[in-house]
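Residue strings, one per chain:
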Amino acid sequence: SWFERTLVILKPDGLQRALSGEVLSRFEQRGLQLVAAKLIRPSAAHLKQHYWELRDKPFFTNLVTFMSSGPIIAMVWQGTDAVAIGRAIIGATDPMDALPGTIRGDLCITVGRCEEGPKEYWELIGKRNKFSCLTNSRFRNVVHGSDSVESAKHEIDLWFKPAELVMWERCCHDWVFE
Ligand code: DAT
Ligand code: MG
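Bear in mind the structure is a predicted one, so any value in this text is a computation, not a measurement. (Residues numbered from 1 in each chain as written. Chains lettered and ligands numbered in written order. Predicted model: local features only at pLDDT ≥ 70, side-chain atom pairs only at ≥ 80, totals over all residues. Heavy atoms only, no water.)

Visitor: Help me out: how do you make sense of the site of ligand 1 in this one?
Guide: What surrounds ligand 1 is a group of 11 residues, the closest being Lys 11, Arg 87, Thr 93, Arg 104 and Asn 141. Contact distances for ligand 1 include 2.5 Å between an oxygen atom and a side-chain N or O atom of Thr 93. Asn 141 places a polar side-chain atom, nitrogen or oxygen, 2.9 Å from an oxygen atom of ligand 1. Partitioned by chemical class, the residues of the shell around ligand 1 number 5 nonpolar, 2 polar and 4 charged. (Near = heavy atom within 4 Å. Polar contact = N/O pair within 3.5 Å; in protein donor to acceptor, adjacent residues only side chain to side chain. Nonpolar A, V, L, I, M, F, W, Y, C, P; charged D, E, K, R; others polar.)

Below, the structure is given as structure tokens:
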């Protein structure tokens, strides 16, 4: 149905890199409709809930640290197959596997662990950008998107109060959806 919804997050790297307009317009231009959005700095506790299914992964702590390292934009997008379309717009988890034309395939690169680069380089970067060496998280992949209709419902409940979801009709609705 055209009111399927998905949770999308512009991650701290996306906001820091001034990619918010680019990311929002990709969802907008595909035809999905924005029904909620907010700029927030989420707490580690909140992010642990968000990524609870990954709690046993070795990168879990680093992922939570990275995601709480700066402000993010949480959004809800609506439309036919919004979850699957959202995942297609975003691309594969590892930016190296993401196809050109996807957000991750166009806008980011796998960022290796800090130890992998030459020490002098990381010292330089560390002085310039306090986030660069903050975590060991392998992926700075710009966006999050729900991976199923079920998890989308759960995630939207976690990030938004019902009153924050705005009902409105876009003027081009009938030009995009059957
Ligand atoms: P996705 O964000 O594509 O849904 P996911 O839910 O499996 O991927 O993982 C959530 C995030 O965790 C992902 O965007 C980046 C990070 N991550 C996933 N796999 C990782 C790994 N092997 N090493 C480091 N970080 C990883
Ligand atoms: Mg996921």
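Picking up after the structure, the text goes on.
Visitor: Quick question: what am I supposed to make of the environment of Ala 92 here?
Guide: Relative to the helices and strands, Ala 92 is located in the loop between helix H5 (82-90) and helix H6 (103-107). Residue classification places Ala 92 among the partly exposed residues on the basis of a relative accessible area of 30%. When the C-alpha atoms of Ala 92 and Gly 105 are compared, they prove to be 7.9 Å apart, with 13 residues separating the residues in sequence. (Helix = DSSP H or I, 4+ residues; strand = E, 2+ residues; numbered from the N terminus. Buried < 20%, exposed > 50% of the residue type's maximum accessible area, 1.4 Å probe, protein only.)

Visitor: Looking at this structure, I do not really get the environment of Ile 109. What am I missing?
Guide: Locating Ile 109 in the fold gives a position in the loop between H6 and helix H7 (119-128). A relative accessible area of 60% means that Ile 109 is categorised as exposed. Each C-alpha atom, one on Ile 109 and one on Val 142, is 9.9 Å from the other, the two residues being 33 residues apart in sequence.

Visitor: What exactly am I supposed to notice about the packing of helix H2 (residues 20-30) against H5 here?
Guide: To characterise two packed helices, one gives the angle between the axes of the helices and the distance between these axes. Interhelical geometry of H2 versus H5 gives an angle of 135° and a closest axis separation of 11 Å. Judged on the interaxial angle alone, H5 and H2 are oblique. Considering the relative orientation of H2 and H5, their crossing is right-handed. Counted together, Arg 26, Phe 27 and Arg 30 of H2 and Ile 85, Gly 86, Ile 89 and Ile 90 of H5 form the full contact between these two elements. Partitioned by chemical class, the residues of the contact of H2 with H5 number 4 nonpolar, 1 polar and 2 charged. (Axes fitted to C-alpha atoms, helices over the stretch in contact; angles between N-to-C directions. Parallel < 35°, antiparallel > 145°, perpendicular 65-115°, else oblique. Left-handed = near helix turned anticlockwise from the far one by under 90°. Contact = heavy atoms within 4.5 Å.)

Visitor: Just checking my understanding: could you explain the pairing of strand E3 (residues 72-78) for this structure?
Guide: Each regular strand carries side chains that alternate between the two faces of the sheet. Among the 7 residues in E3, 7 count as buried, and that is most of the element. Side chains of E3 alternate between two faces, with Ile 72, Ala 74, Val 76 and Gln 78 and Ile 73, Met 75 and Trp 77 buried alike.

Visitor: Looking at this model, I keep getting lost on the pattern of salt bridges. Mind explaining?
Guide: Oppositely charged side chains may form a pair once their charged atoms are brought near each other. A complete count under the given rule lists 3 salt bridges for this structure. Notably, a salt bridge pairs Arg 26 with Glu 22, separated by 2.7 Å at the nearest N-O pair. Of this pair, Arg 26 and Glu 22 both sit in helix H2, 4 residues apart, which is roughly one turn of the helix. With its nearest N and O atoms 3.1 Å apart, the salt bridge here joins Arg 26 to Asp 106. Here the residue Arg 26 occupies a position in helix H2, and Asp 106 occupies one in helix H6, the gap between them amounting to 80 residues. The class for Asp 106 is partly exposed, based on a relative accessible area of 37%. Salt bridges sharing partners connect three or more residues here, namely Glu 22, Arg 26 and Asp 106. (Salt bridge = Lys/Arg side-chain N within 4 Å of Asp/Glu carboxyl O.)

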